Amino acid sequence: MTDAAPLRFHVPEPEFRPGDTPDFSQVAIPKAGSVRRPEVDADPEAIRDLAFSIIRVLNRNGEAVGPWAGLLSDEELATGLRDMMLLRTFDKRMLMAQRQGKTSFYMQHMGEEAVSAAFRKALMPGDMNFPTYRQAGLLIAGGYPMVEMMNQIYSNEADPLKGRQLPVLYSSRDYGFFSLSGNLGTQFVQAVGWAMASAIKGDSKIAVGWIGDGSTAESDFHAALVFASTYKAPVVLNIVNNQWAISTYQGIARGGSGTFAARGLGFGIPALRVDGNDYLAVHAVAKWAAERARRNLGPTLIEHVTYRVGAHSTSDDPSAYRPKAESDAWPLGDPVLRLKNHLIARELWSEERHKQAEAEILDTVIAAQKEAESHGTLHSGGRPSARDMFEGVFAEMPAHLRRQRQDAGV
Amino acid sequence: MPRMSMIEAIRDAMDVAMGRDDDVVVFGEDVGYFGGVFRCTQGLQQKYGKHRCFDTPISELGIVGTAIGMGAYGLKPCVEVQFADYVYPAYDQIVSEAARLRYRSNGQFTCPLVIRMPTGGGIFGGQTHSQSPEALFTHVAGLKTVVPSNPLDAKGLLIAAIEDPDPVIFLEPKRLYNGPFDGHHDRPVTAWSKHPLGEVPAGHYTVPLGKAEVRRAGADVTVLAYGTMVHVAEAAAADTGIDAEIVDLRTLVPYDLDTIAASVRKTGRCVVVHEATLTSGFGAELSALVQETCFYHLEAPVGRVAGWDTPYPHAQEWDYFPGPARVGRALAEAMEA
């Protein structure tokens, strides 16, 4: 017998549901510039606090402040803004194309543009990303042709993946973008393996893993951390915490842990939280982690604190599970607007130039779209052949597949 | 010619492959310093260094997941899963990732990877050291599945698997590691050193994937078998006096339909034998292939002998194991039909 009260089952709930007025004033947001920048060879034990803070560079006045500021030239900052604007415009056009029935499915980045666009600029040729479906900024900022992305989204006759993959599950070895699986979390541990291989061969390339807040619950995440820790793999492991895994708020995957970054501490992996809506902060932290990897100091875990402003995908309706105004209330602001304001504050940019750039970017995206559509869209025009379906299962087609192709009459 | 057990032949295959190609790496649980619980990797770490042969955390998902990343980088990992019964945590990595990487990336990324696993029963290993999960892999597009039945083949097939550009599941019947077990568990075990297939050439050679071998020529009935069951079928033929033609498939996917069909058209009868559970086993595929390609030559229904559809038991090992008596009865039934 016990005098304890009956056991109670606990299911965490987000603070706000549809109809509530979101209020994030209790979310602790450290001042920009307030978090220290340790040396890259700092003892992981001595920087455990960075897993519970948020590294930020851009303040409310659009100034870049603190020890993580000052890494990017004026030109690089302008390029960063353009990359994010390009990604946002690309998303708008492709969402529209999906609604027009030109493809089956799309996933946008609204609010998260800085994470992948800024991170890409910290990498070197030959490095390899193992991305999720919300890091197309790696391709855009890496200079991958937009028209190729659209060909893939349309599954048309020019699709580099021959119509085999769902839209946005891109692949480009040459641009350091590993084939996107679509299964969640599986590629986090593959990034570690790729990095281990680079170390085994005495190479200089590093790997970058990507995972969402929800998918950190997968076993793959934990296997990745233990292998990265054991073998000190030259890998940067990114958690993009955009607060929502479809309809499930981040607390369901995070459980009793204070932050997602804190998951790294038990593995002895340096873990940092960064303001994912701050282009300069993401880039600075990415540089720090990439340098650690390249200098044989081992893995780093980064939690990018951001917010998924848009729906999870074109098959999702966020109004069914969160307040409509929640994204406006989110305290870290809009990454495009924040970098724009920074450039304006430094007199490198103006409202006028911004409008002009928006128009130019729209023209560029529309031109790419026209070119892609000349090769067909999902249900009309040129498409990959049915014969292609049988190719590439193995390096050489075995007899049973040859017979099946004959049966299919293609 | 050197005489080797299946363990020695498998170890020699990895030794040869590692010696010829610096990109071949070997890792898994206990495989490094100790050389594996079955000793298949003994000496490889000493010879090739810790960066080419090393121990891993107990995470089959991690072993296969990192191996996929390494394969994509350009290495040729040959990893060990300690028992096939332990592969399930890695199943998603195998099915959703390794098997499809070439296809979904249109060849930009590939996954030359061998996953070695001891398989099958006969060692009183209970549910967790006895399973034969080959059908879980043969059902997956993009995987090759190999099951050797003797040291000579094991070495040649493993070298071929390591040199293959695609992922290969390499199932090693653990009851055959030290000798050609024929299912007569109450008789003394012979060693591979006394068996002609224990004569294994030194150095490099391959046995091509996708080619079956007629292990015993015969006129009465075709037996389609692989791994331990090849030896059980030989015992059943000897015990019954039925002139069975025993086809050792060696590779399940891609399968050698030409050799299978030629034999069944000759004998007009067919019995399929495997240790794995019956329902949806690879024998069902073989049986379907035989009736599709040899229907007008068949004089009897295609028979199947397999493990019962129960978990693999401990005390009842020899009631469960499809031994020579059961195979012999199936041969007799095929002859009577």
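Residues numbered from 1 in each chain as written. Chains lettered and ligands numbered in written order. Predicted model: local features only at pLDDT ≥ 70, side-chain atom pairs only at ≥ 80, totals over all residues.

It is worth spelling out the overall build of chain B at this point. Scanning chain B from N- to C-terminus turns up twelve helices and twelve strands. Against the compact-globule benchmark of 20 Å for 337 residues, chain B has a radius of gyration of 19 Å, which places it among compact chains. In terms of overall dimensions, chain B has a C-alpha envelope of 60 × 45 × 40 Å along the principal axes. Across the 337 residues in chain B, those meeting the buried criterion constitute 61%. (Helix = DSSP H or I, 4+ residues; strand = E, 2+ residues; numbered from the N terminus. Rg over C-alpha atoms; globule rule 2.2 N^0.38 Å. Buried ≥ 20, exposed ≤ 12 C-beta atoms within 10 Å, placed from the backbone.)

Check the secondary structure of chain A and you find twelve helices and seven strands. Taken against the 2.2 N^0.38 rule, which gives 22 Å for 410 residues, the C-alpha radius of gyration of chain A at 22 Å falls within 12% of a compact globule. Counting all 410 residues of chain A, 50% fall into the buried class. Pairs at least 24 apart in sequence give 77% of the contacts found in chain A among residues at least 6 apart. (Contact = placed C-beta atoms within 7 Å.)

Our next topic: the environment of A:G185. All names here are of chain A. Here G185 lies in the loop between α4 (146-154) and α5 (186-200). With 36 residues separating them in the primary sequence, G185 and F221 have C-alpha atoms 6.3 Å apart. In this structure G185 touches I211, S215, E218, D220 and F221, once residues within four positions along its chain are discounted.

Attention now goes to the sheet that holds strand β3 (residues 235-241) of chain A. One key point about sheets: their strands pair by backbone hydrogen bonds, in either a parallel or an antiparallel sense. Residues and elements named next belong to chain A. With parallel pairing, the five strands of this open sheet are ordered in space as β1-β2-β3-β7-β6. A single partner strand is all that each edge strand has here, and the edge strands are β1 (128-130) and β6 (271-275). The sheet shows a mean angle of 20° between the axes of neighbouring strands, direction not considered. Pairing of β6 with strand β7 (residues 300-305), which is carried by five bridges, proceeds in the parallel orientation. Bridge assignment links D275 to a residue of β7, and that residue is V305. Across the sheet, helix α8 (residues 279-294) lies against β3, β6 and β7, angled at about 170° from β7, the strand it touches most. (Pairing = 2+ DSSP bridges. Axes fitted to C-alpha atoms, helices over the stretch in contact; angles between N-to-C directions.)

Our next topic: the domain arrangement of chain B. Interfaces are often described in size by the accessible area the parts lose on coming together. All names here are of chain B. Looking at chain B, the domain boundaries give domain 1 (6-198) and domain 2 (213-336). Relative to domain 2, the C-alpha centre of domain 1 lies at a distance of 25 Å. Between domain 1 and domain 2, the residue contacts involve 30 residues of the former and 30 residues of the latter. (Domains from an automatic or database assignment.)

With that settled, the discussion passes to the interface of chain A and chain B. Counting residues at the interface gives 36 residues for chain A, matched by 37 residues for chain B. Sorting the residues of the side of chain A that touches chain B by element identifies α5, α6 (219-231) and α12 (399-408) of chain A as the ones contributing at least two each. The biggest single contributor to the side of chain A that touches chain B is α5(A), with eleven residues. Among the residues making up the side of chain A that touches chain B, the classes are represented as 18 nonpolar, 14 polar and four charged. (Nonpolar A, V, L, I, M, F, W, Y, C, P; charged D, E, K, R; others polar.)

The biggest cluster of nonpolar side chains holds 218 residues, and the ones touching the most others in it are A:V235, A:V285 and B:A233. It is α8(A) that contributes the most residues to this core, eleven residues altogether. Here B:A233 is in contact with B:V223, B:A225, B:A244, B:I246, B:V273 and B:V327, once residues within four sequence places are set aside. (Core = buried A, V, L, I, M, F, W, Y, C linked by C-beta atoms within 7 Å.)

The next subject is the environment of A:P167. Residue and element names in this part refer to chain A. Within the secondary structure, P167 is located in the loop between α4 and α5. Once the C-alpha coordinates of P167 and F178 are considered, the two residues, eleven residues apart in sequence, prove to be 15 Å apart. In this view, P167 contacts T103, S104, F105, Y106, Q152 and I153; residues no more than four positions away in its chain are not counted.

All names here are of chain B. For helix α9 (residues 257-267), the complete set of buried residues consists of I260, S263, V264 and T267. Angularly, the buried residues of α9 cover 95° about the axis, an arc narrow enough to put them on a single face. Tucked inside the fold, the buried residues of α9 contact β7 (213-216), β8 (221-225), β9 (244-248), β11 (270-277) and α10 (282-294). At the exit of α9 stands G268, carrying a positive phi of roughly 75°. (Arc of directions from axis to C-beta.)

Glancing now at the sheet that holds strand β4 (residues 114-119) of chain B. All names here are of chain B. Read from one edge of the open sheet, seven strands run β2-β1-β3-β4-β6-β5-β10, paired in mixed fashion. Each edge of the open sheet is held by one strand with a lone partner, namely β2 (53-55) and β10 (251-253). The mean inter-strand angle of the sheet, taken between neighbouring strand axes irrespective of direction, is 20°. Inspection of the sheet shows strand β5 (residues 144-146) paired to strand β6 (residues 168-173) by three bridges, in the parallel sense. Its bridge partner being in β6, V146 is matched across the sheet by F170. Against the sheet, helix α1 (residues 6-20) touches β1 (24-28), β3 (76-80) and β6, its axis set at about 140° to β1.

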